[in-house]
Amino acid sequence: MPSTLTVMGVHGLGDHRLSPWAKEWETALRGVLGPQGADGLEFVPFTYDDIFESVSISPTESLSALWKLGRSGIGSLRAPRRMGQRGLGDSVMHWLKWYAGYVVAWGEKDDFKKAAREKFLKAVDAARPDVILAHSLGSLISYEAIAGMGTAKNVGLRDHLRNTTFVTLGSQIGNPFVAGNLPTGRVAPVDAKFWYHLYNSEDDVFTSEIRLPGTQNFEQIDTYFDIEGMADHDATEY
């Protein structure tokens with residue numbers, strides 16, 4: 001293990017602006033690495049909530065995305081049991097935007113997709129992480145950005161990504177609706193040092209297995225867990 005291990009964390013669905021997600025991820029990583037490995041850990045959180053905040057998503061668009069995702073794969077995107085202190089109506093609208101609406105934005109809002117991709121690549125270029133750890137929607141944003149680097153003008157960034165380990169967890173990349181919105185219309189290998197896809201069969205937030213036979217730098221790892229409550233989608237459990 002290098003003396004310093006730089007890990008970039010990319011969060012998934014939901015409003016993370018007031019969430020302690022970055023600290024929780026870092027704590028989980030330090031626990032996995034142990035005392036010796038944790039000493040050299042540098043955790044770099046990446047968020048795109050600031051871009052999405054100004055995106056206009058109607059309830060109709062959100063429900064349409066849910067229908068498309070559900071039709072193309074097993075799973076659901078349920079509202080969390082606790083929706084905060086706001087009224088029920090406001091809570092439902094907040095959930096529709098920050099959960100279901102995020103799916104709409106990535107799949108059908110080109111301006112959001114472009115802005116998120118550019119911000120992600122700029123952050124990677126600045127941090128030069130050894131590992132990119134991407135959860136849920138964050139895996140879609142990072143996968144699309146990395147997969148599109150083949151013709152990038154930033155040769156230094158492209159070469160760095162070729163030596164970066166890419167880890168996706170709780171990811172919807174393999175969902176047919178999602179794959180159909182990728183530039184190639186299908187899931188293809190990425191030009192990274194290695195791509196690990198963590199898959200939990202109990203995770204029902206439209207996640208999917210990925211099979212890339214013959215790809216030397218790809219492996220799907222079954223990471224089964226079944227926690228109390230719904231979804232089984234928690235990043236720190238992965």
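## Some remarks on the layout of surface pockets
- Looking at the second largest pocket, its volume works out to about 450 Å³.
- Residue lining of the second largest pocket: 18 residues in total, with L29, V32, L133, V167 and Y238 positioned closest to the centre.
- Where the lining of the second largest pocket is concerned, the elements lending two or more residues are β1 (5-10), α1 (21-38), β3 (131-135), β4 (165-169) and β5 (194-199).
- Ranked by the residues each element gives to the lining of the second largest pocket, the list is headed by α1, at five residues.

## Points about the nonpolar core
- Of all hydrophobic cores here, the largest spans 47 residues; its most connected members are F112, F120, Y143, F166 and W195.
- At the level of secondary structure, the elements contributing two or more residues to this core comprise β1, α2 (49-52), α4 (88-108), α5 (110-127), β3, α6 (137-147), α7 (155-161) and α8 (176-180).
- Residues in contact with W195, not counting those within four places in the same chain, are Y143, F166, T168, I173, V187, A188, V190, I210, L212, N217, F218 and E219.
- Core analysis: the next-biggest nonpolar cluster, separate from the first, contains 16 residues, A22, L29, L198 and A235 among them.

## Observations regarding the environment of T184
- Along the polypeptide, T184 turns up in the loop between α8 and β5.
- On the basis of relative accessible area, T184 is assigned to the exposed category, the value being 53%.
- Considered as a pair, T184 and E144 are 40 residues apart in the sequence and their alpha carbons are 9.9 Å apart.

## Details of unusual backbone geometry
- Backbone geometry places R128, a non-glycine residue, at a positive phi of 45°.
- Relative to the helices and strands, R128 is located in the loop between α5 and β3.
- Its identity as a non-glycine residue notwithstanding, S136 has a phi of 50°, on the positive side.
- Its place among the elements puts S136 in the loop between β3 and α6.

## With respect to the sheet that holds strand β2 (residues 41-46)
- One open sheet holds the six strands; their spatial order is β2-β1-β3-β4-β5-β6, and the pairing between them is parallel. Strand pairing shows two members of the sheet lacking a second neighbour, β2 and β6 (218-222), which therefore form its edges. Averaged over all pairs of adjacent strands, the angle between their axes in this sheet comes to 20°, without regard to strand direction.
- Where β5 and β6 come together, five bridges link them in parallel fashion. Directly across from Y196, in β6, lies its bridge partner E219.
- Strand contacts of α1: β1, β2 and β3, with the helix running at about 160° to β2, the strand carrying the most contacts.
- Contacts between α6 and the sheet are confined to β1, β3, β4 and β5, with β3 contributing the most and set at about 135° to the helix.

## Focus: the confidence of the model for the protein chain
- With 83% of its residues at a pLDDT of at least 70, the protein chain reaches an overall mean of 84.
- For residues 73-89, every residue scores under 50 in pLDDT, and the model assigns this stretch 31 contacts once sequence neighbours within four places are set aside.

## Quick word on α6
- The buried fraction of α6 amounts to 10 of the 11 residues, a majority that puts the element mostly inside the structure.
- Those residues of α6 that fall on the buried side of the exposure criterion are L137, G138, S139, L140, I141, S142, Y143, E144, A145 and I146.

## So, α1
- For α1, which comprises 18 residues, the first-to-last C-alpha distance of 18 Å sits more than 12% below the rise-based estimate of 26 Å (1.5 Å per residue).
- At V32, α1 shows its maximal kink, close to 75°; a proline, P35, follows between one and four residues later.
- Turning to α1, its buried residues are W21, A22, W25, L29, G34, G37 and A38.
- The inward-facing, buried residues of α1 abut β1, β2 and β3.

Calculation notes
Residues numbered from 1 in each chain as written. Predicted model: local features only at pLDDT ≥ 70, side-chain atom pairs only at ≥ 80, totals over all residues. Heavy atoms only, no water. 1 Å grid on protein atoms, 1.4 Å probe; cavity = no way out; pocket = protein on both sides within 12 Å on 5 of 7 lines; lining within 4 Å. Points joined across faces, edges and corners; volume = space filled by probe spheres on them. Helix = DSSP H or I, 4+ residues; strand = E, 2+ residues; numbered from the N terminus. Core = buried A, V, L, I, M, F, W, Y, C linked by side-chain atoms within 4.5 Å. Buried < 20%, exposed > 50% of the residue type's maximum accessible area, 1.4 Å probe, protein only. Contact = heavy atoms within 4.5 Å. Pairing = 2+ DSSP bridges. Axes fitted to C-alpha atoms, helices over the stretch in contact; angles between N-to-C directions. pLDDT = per-residue confidence, 0-100. Expected span 1.5 Å × (residues − 1). Bend = angle between axes of the 7 residues up to and from the residue.

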